[in-house]
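Notes for the structure review
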Amino acid sequence: MIWKEILIRYGELSTKGRNKKDFINRLRANIRHTFMDIAPLAIETERDRMHIKIESEEQYEVLMKKLPTVFGIQSFSPVAVCSKDLDEMKKLALVIMEQFKGQELTFKVEVRRSDKSFPLESHEIQREIGAHVLRNNSNISVQVKKPDVELRIEVRQDAIYMMAQVIQGAGGMPVGSNGKSLLMLSGGIDSPVAGYLLMKRGVRLEAIHFFSPPYTSDNSLQKVKVLANELTKFGANIRLHVIPFTEIQVLIKDRVPSNTTMTTTRRLMMRIADKVREEIGALGIVTGESLGQVASQTLESLTAINDVTNTPILRPLIAFDKLEIIDIAEQIGTYETSIQPFEDCCTIFTPANPKTKPKVEKVNYYESFTEFDELIDRAVRNREVYKFPEENKVKDKFEGLL
Amino acid sequence: MIYLDNSATTKPHKEVLNTFIQVNESFYANPSSIHEAGVEANTLLDRARGQIADLLHTQEQFILFTAGGTESNNFAIFGVPKANTHKGKHIITTEIEHPSILEGVKSLQNEGYEVDYLKVDANGVISIEELQAKLRKDTVLVSIMHVNNEMGAVQPIEEIASIIHEKSRATFHVDAVQSFGKLPIFFNDDAGPDIISISGHKIHGLKGSGIIAFRKKMNIIPLLLGGGQERGLRSGTVAVPQAVALAKAARMAIETMDESSKKYRKWHNDLLEFLAQFGENIHLLSSNKGAAHILSFSVKDLKGEILINALQKRGIIVSTSSACSSKQKKTSHVVEALDLHSNYKKGVIRLSFGALNTDEDIIEFKKAFTDVMKELKGDKN
């Protein structure tokens, strides 16, 4: 295999002057975490880029597969190495350009000559290598301004480094560089996408889910666990807090007029989430709400729900269309899981005609006859916490069968 | 008993039987059920599907479980043309396909489809030129087997695929029942098949289980209608134990393919040399260009049935050209297609090797066959 390292260009990090060092360290730690299974990785960092040494074919394959999901990476390139000898360089250039065989494309040679003692000047290298590639590839022509492919040659102290392919990274910022928030994860299409978008902005997540057995099945909880697990592939562990919610939900149905139960349910969920958020030291609460999508997501409803807390509620999907959300869910691989048809806690207790414009005063009034505080404390206390990524238990159960 | 009839069927591997029993005991729920046991069975089914998809270089959703090779072949033969009538009604296949293909296209012919049957040469191989000449704008399906079940001829699948994909819009179906696990066969964009049929019991799996696999999303009409299982393409409760057992048998077949094909080739060469000593009393239908696990030949002026009985008396199981046709009185269509001299038409027998055969089996066969020849042909040879 010719590839000896992967060169990583940082995302927005390059622009963040003072905190740059923290960001780079965070990105390095996240990469180490993501690639635990092929550890140890030799990672060298520079001001605006990072090098990962490749020692085996397996490492190369895993890196190429998973690097596009790591936030904080603008782009990356597999890099080949040869000795500082013009013939060797010519040979390697052809091997690298081999991957574009059969495509009509334009290219140029870009040289970075950090070893100034190298006998050939940059433009001489450009000329020699460029001519050699052109001679051997009739499908390639030169275009200096906007080439399809840039063959980059770096003359460093120890050797010549060469690359041509630039692979798009996930962009964004390294997860963890922007604090921690609690994601309300329902099992639907929207909330995993909301979590993903916040992770992309560098937010570390924990998730909370409201579970109402027997009205909702173990399958629906299992689905939420799978979703939490899927989000971990963007480079961080996620803890899932499962709140036993049946008792509260039944009580709400009993005590509050039916067209207000939905608003009250949301408000209590928010209060519980806020308590959990405080305990885990998170700063915000993330939801998948999108304006006007359902009765609980009108501005009036959001106002009534928001009334129970001062914590920032982050709603990254607020202005997204459903189809846009589905697009992202498909891209990040949560869509198929989300559409599995299990009852979740929202669908079962939904009244036929929920208020789309609830009034805060009225909701407060209806709720004032019931003491919810102790129930809330108990639900928070009795929550179950799961950690992801989880070793897949199902796998072990089927061991040997296949 | 020395069993040399592995192309008729194989003895299931112990490991495969164990899987079958364990899945029946522990994961017997209906994989379409929404309760926990059903979800679990479905998870296991998906794992089996994924494993087979990996072996065939396609995606999980393009693997469907069937009741065997015949169903898979019928599905391709009826399903593709009927879903593509807007493109045309022309089908190409060969003279030496399995009856599950030939009977299918015959029935389509009665419904007004046009069918061209490609001829084969003395080695049982089609001519690329003839294929090229027969391909038309309105050809919707080309079905060509990879390895012939009666004499082991191997068709050049890659070459055939690239011509079909280059010259026509036809779907290319490959009956790989006799080749899977013996020769490499998998999807490979335009350089390979679009549909592959596989049978479980030919690879030391279970009878009544098979696969039809697609390279990509297919325009195809289901054979079986009902509860809409298998993405609506194959109704009927999916037989999870069979599916998982098949995934295991397929994995074992592919993992041991290099080793076993070397073994089969050695025996094949050894037996070709051995049979040469009988001179014109023996006519070979197989050649060293064909598949290594099938060796078929004919004894002059003898009936295959008599040879089989004589060998059986000595504890050796072989068959006439194929198990399907051996109970029928007429000469097999494959033998007819090979244009054998009439002295040799009746006396065809087929040896087929499997994973459980040993060097000793081959030695025993040679001994017994020498005896049989002495008994039936006297000292004239």
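Residues numbered from 1 in each chain as written. Chains lettered and ligands numbered in written order. Predicted model: local features only at pLDDT ≥ 70, side-chain atom pairs only at ≥ 80, totals over all residues. Heavy atoms only, no water.

For chain A, the helix and strand inventory stands at 15 helices and 15 strands. Per-residue burial over chain A gives 52% buried out of 402 residues. Look at the contacts in chain A between residues 6 or more apart in sequence, and 79% of them connect residues 24 or more apart. Looking at chain A as shown, the accessible area adds up to about 19,400 Å², and 49% of this sits on carbon and sulfur atoms. (Helix = DSSP H or I, 4+ residues; strand = E, 2+ residues; numbered from the N terminus. Buried < 20%, exposed > 50% of the residue type's maximum accessible area, 1.4 Å probe, protein only. Contact = heavy atoms within 4.5 Å. Areas by Shrake-Rupley, 256 points an atom, 1.4 Å probe, with all protein chains shown as cover.)

Counting its regular elements, chain B contains twelve helices and 13 strands. Scored against the burial criterion, the 381 residues of chain B give a buried share of 57%. A separation threshold of at least 6 residues defines the contact pool for chain B, and within that pool the share at least 24 residues apart is 73%. As displayed, chain B has an accessible area near 16,300 Å², and 50% of this comes from carbon and sulfur atoms.

Residue and element names in this part refer to chain B. Taken together, the seven strands give an open sheet; going across it, the order is E2-E8-E7-E6-E5-E3-E4, and neighbouring strands pair in mixed fashion. The open sheet has two free edges, formed respectively by strand E2 (63-66) and strand E4 (114-118), since each of these has just one partner strand. The average angle at which neighbouring strand axes cross in this sheet is 20°, direction not considered. Looking at chain direction, strand E7 (residues 195-199) and strand E8 (residues 210-214) are connected through five bridges and run antiparallel. Paired with Ile195 across the strands is Phe214, a residue of E8. (Pairing = 2+ DSSP bridges. Axes fitted to C-alpha atoms, helices over the stretch in contact; angles between N-to-C directions.)

Take helix H9 (residues 299-306) of chain A next. Residues and elements named next belong to chain A. Residues Ser301, Leu302, Ala304 and Ile305 constitute the buried set of H9. The buried residues of H9 occupy one face: seen down the axis, they fall within an arc of 160°. In this structure, the buried residues of H9 make contact with helix H8 (261-280) and helix H13 (360-367). (Arc of directions from axis to C-beta.)

Let us look at the pairing of E7 of chain B. All names here are of chain B. Burial within E7 is extensive, with five of its five residues counted as buried. Burial of E7 is two-sided: the residues Ile195, Ser197 and Ser199 facing one way and the residues Ile196 and Ile198 facing the other way are all buried. Bridge count for strand E6 (residues 171-175) against E7 is three bridges, and the pairing is parallel. Bridge pairing links His173 to Ile195 in E7.

With that settled, consider the packing of helix H8 (residues 257-276) of chain B against helix H12 (residues 359-377) of chain B. Pairs of packed helices are described in terms of their axes, by the angle between the two and the distance that separates them. Residue and element names in this part refer to chain B. Viewed as axis vectors pointing N to C, H8 and H12 meet at an angle of 15°, and their least axial separation amounts to 11 Å. By the angle class used here, H8 and H12 are roughly parallel. Where H8 crosses over H12, the handedness of that crossing is right-handed. Only Asp359, Ile362, Phe365, Lys366, Phe369 and Thr370 of H12 make contact with H8, whose side of the interface consists of Lys266, Trp267, Asp270, Leu271, Phe274 and Leu275. Class assignment of the residues belonging to the contact of H8 with H12 gives a composition of seven nonpolar, one polar and four charged. (Parallel < 35°, antiparallel > 145°, perpendicular 65-115°, else oblique. Left-handed = near helix turned anticlockwise from the far one by under 90°. Nonpolar A, V, L, I, M, F, W, Y, C, P; charged D, E, K, R; others polar.)

Residues and elements named next belong to chain A. Read from one edge of the open sheet, six strands run E14-E13-E10-E11-E12-E15, paired in mixed fashion. The open sheet has two free edges, formed respectively by strand E14 (313-314) and strand E15 (384-388), since each of these has just one partner strand. Examined bridge by bridge, strand E10 (residues 180-184) and strand E11 (residues 204-211) share five bridges and lie parallel to one another. Opposite Met184, over in E11, you have Ile208 as the bridge partner.

Another aspect to go through is the interface of chain A and chain B. When the parts of a complex come together, some accessible area is lost, and that lost area is often taken as the interface size. Listed by partner, the interface residues are ten residues for chain A and 18 residues for chain B. Taken over both partners, the interface formed by chain A and chain B buries close to 1,200 Å², and the fraction arising from carbon and sulfur atoms is 60%. For chain A, the biggest contributors to the area lost against chain B are Phe398, Leu401 and Leu402 of chain A; these three give 62% of the whole. Along the contact surface separating chain A from chain B lie one salt bridge. A salt bridge links Lys397 of chain A to Glu40 of chain B; its shortest N-O distance comes to 2.0 Å. (Buried area = accessible area lost by both parts, 1.4 Å probe. Salt bridge = Lys/Arg side-chain N within 4 Å of Asp/Glu carboxyl O.)

Before going further, it helps to spend a moment on helix H6 (residues 157-167) of chain B. Turning to H6 of chain B, its buried residues number three or more, namely Ile157, Ile160, Ala161, Ile163, Ile164 and His165 of chain B. Those residues of H6 of chain B that are buried lie in contact with helix H5 (128-134), strand E5 (139-145) and E6 of chain B.

Moving on, we get to a negative patch on the surface. All names here are of chain A. A cluster of acidic side chains, namely Asp321, Glu324, Asp327, Glu330 and Glu336, defines a negative patch on the protein surface. Residue contributions to the negative patch peak at three residues, all from helix H10 (residues 322-332). Structurally, Asp327 is set in helix H10. Overall, Asp327 belongs to the partly exposed group, its relative accessible area being 44%. (Patch = residues over 30% accessible without salt bridge, like charges linked within 9 Å, V, L, I, M, F, W, Y side chains within 5 Å. Lys, Arg positive; Asp, Glu negative; His and termini not counted. Charge placed at Lys NZ, Arg CZ, Asp CG, Glu CD.)

Next up on the list: the side chain of His293 of chain B. All names here are of chain B. Looking at the secondary structure, you find His293 in the loop between strand E9 (282-284) and strand E10 (294-299). For His293, a relative accessible area of 3% corresponds to the buried category. When near neighbours in sequence (up to four residues on either side) are disregarded, His293 contacts Ser7, Val147, Gln178, Lys182, Tyr264, Leu351, Ser352 and Phe353.

A separate point is unusual backbone geometry. Looking along the chain, the bond that leaves Pro213 of chain A and enters Pro214 of chain A is cis, with omega of 0°. Within the secondary structure layout, Pro214 of chain A lies in the loop between E11 and helix H6 (218-231). A positive phi angle is found at His204 of chain B, which is not glycine, with a value near 60°. Relative to the assigned elements, His204 of chain B resides in the loop between E7 and E8. Overall, His204 of chain B belongs to the buried group, its relative accessible area being 6%.

Attention now goes to the pairing of strand E3 (residues 49-53) of chain A. Residue and element names in this part refer to chain A. Of all five residues that make up E3, four are buried, and the element is covered over most of its length. Both strand E1 (residues 3-10) and E3 contribute to a ladder of five bridges, which runs antiparallel. Bridged to Ile8 within E3 is Met50. Connecting the antiparallel pair strand E2 (residues 43-45) and E3 is a turn made up of three residues.

Right, let's get into the pattern of salt bridges. Counted under the stated rule, the structure contains 44 salt bridges over all chains. A salt bridge links Glu5 of chain A to Arg156 of chain A; the shortest N-O distance between them is 3.4 Å. One end of the pair, Glu5 of chain A, is in strand E1; the other, Arg156 of chain A, is in the loop between strand E7 (149-155) and strand E8 (160-163), with 151 residues separating them in the sequence. The residue Lys300 of chain B makes a salt bridge to Glu280 of chain B at a minimum N-O spacing of 3.2 Å. Here the residue Lys300 of chain B occupies a position in the loop between E10 and helix H9 (304-313), and Glu280 of chain B occupies one in the loop between H8 and E9, the gap between them amounting to 20 residues. The class for Lys300 of chain B is buried, based on a relative accessible area of 16%.

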